[in-house]
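Summary of the model geometry
If you want the building blocks of each chain, they are given just below.
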Amino acid sequence: GACRLTLGHYGALPSAQFSADGTSILTYNMAFGSDCFEEDGTAQIWNTATGECLQTLMHDGGLVVLAVFSADGLAVLTTDNHSIAKVWDAETGECQCTISNTGHVARAAFGP
């Protein structure tokens, strides 16, 4: 099939996830170089119709190692390599909660 959308990433793209309603895609990238990627430690939410970056979710000084939508697509959970987890409002991009951990966070998810 034909490519329907190309997102503006440069470098490794470890993950991509569609929102529950299919209108956006959540990605994270651990390299410099795209218009939406401002520095290490970001995840991006993209419009699936236009490819426009809707939100850039930034961790201060850490590299994002996980980014997932909640089941309803209204929130995003990110973790970084400094043992910080954040919950974001997917529409506004505002951080709703920051959780510091004492060890590395390898996996995280929203509960039902």
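The number of helices and strands found in the protein chain is zero helices and eight strands. Going from N to C terminus, the protein chain has its helices and strands arranged as β-β-β-β-β-β-β-β. In the protein chain, buried positions account for 41% of the 112 residues. The contacts of the protein chain with a sequence gap of at least 6 include a subset with a gap of at least 24, amounting to 29%. Surface exposure of the protein chain reaches about 6,400 Å², of which carbon and sulfur atoms provide 51%.

Further remarks concern the sheet that holds strand β4 (residues 53-58). On the basis of which strands lie adjacent, the open sheet formed by four strands has the order β1-β2-β3-β4 and antiparallel pairing. Two strands bound the open sheet, and with one partner strand each, they are β1 (15-18) and β4. Strand-to-strand twist across the sheet, computed as the mean angle between neighbouring axes with direction ignored, equals 20°. Direction of pairing for strand β2 (residues 24-29) relative to strand β3 (residues 42-47): antiparallel, over a ladder of six bridges. Its bridge partner lying in β3, threonine 27 is registered against glutamine 44.

Per-residue confidence for the protein chain gives a mean pLDDT of 82, with 85% of residues at or over 70. Per-element averaging of pLDDT across the protein chain places β1 at the bottom with 87 and strand β7 (residues 84-89) at the top with 94.

This part is about the layout of surface pockets. Its volume calculated, the largest pocket comes out at about 260 Å³. Along the wall of the largest pocket there are 15 residues; nearest its centre are Ser24, Gly73, Leu74, Ala90 and Glu91. Classifying every residue of the lining of the largest pocket gives six nonpolar, five polar and four charged.

The backbone phi angle of serine 83 is positive, close to 65°, even though this residue is not glycine. Among the secondary structure elements, serine 83 is positioned in the loop between β6 (75-80) and β7.

All right, on to the sheet that holds β7 then. Read from one edge to the other, the open sheet built from four strands follows the order β5-β6-β7-β8, with strand pairing classed as antiparallel. The strands lining the two open edges of the sheet, one partner per strand, are β5 (64-69) and β8 (95-100). Averaged over all adjacent pairs, the angle separating strand axes in this sheet is 15°, with direction ignored. Pairing of β6 with β7 involves five bridges; the strand directions are antiparallel. Note that in β7 the partner of valine 76 across the bridge is tryptophan 88.

Parameters and conventions
- Residues numbered from 1 in each chain as written.
- Predicted model: local features only at pLDDT ≥ 70, side-chain atom pairs only at ≥ 80, totals over all residues.
- Heavy atoms only, no water.
- Helix = DSSP H or I, 4+ residues; strand = E, 2+ residues; numbered from the N terminus.
- Buried < 20%, exposed > 50% of the residue type's maximum accessible area, 1.4 Å probe, protein only.
- Contact = heavy atoms within 4.5 Å.
- Areas by Shrake-Rupley, 256 points an atom, 1.4 Å probe, with all protein chains shown as cover.
- Pairing = 2+ DSSP bridges.
- Axes fitted to C-alpha atoms, helices over the stretch in contact; angles between N-to-C directions.
- pLDDT = per-residue confidence, 0-100.
- 1 Å grid on protein atoms, 1.4 Å probe; cavity = no way out; pocket = protein on both sides within 12 Å on 5 of 7 lines; lining within 4 Å.
- Points joined across faces, edges and corners; volume = space filled by probe spheres on them.
- Nonpolar A, V, L, I, M, F, W, Y, C, P; charged D, E, K, R; others polar.

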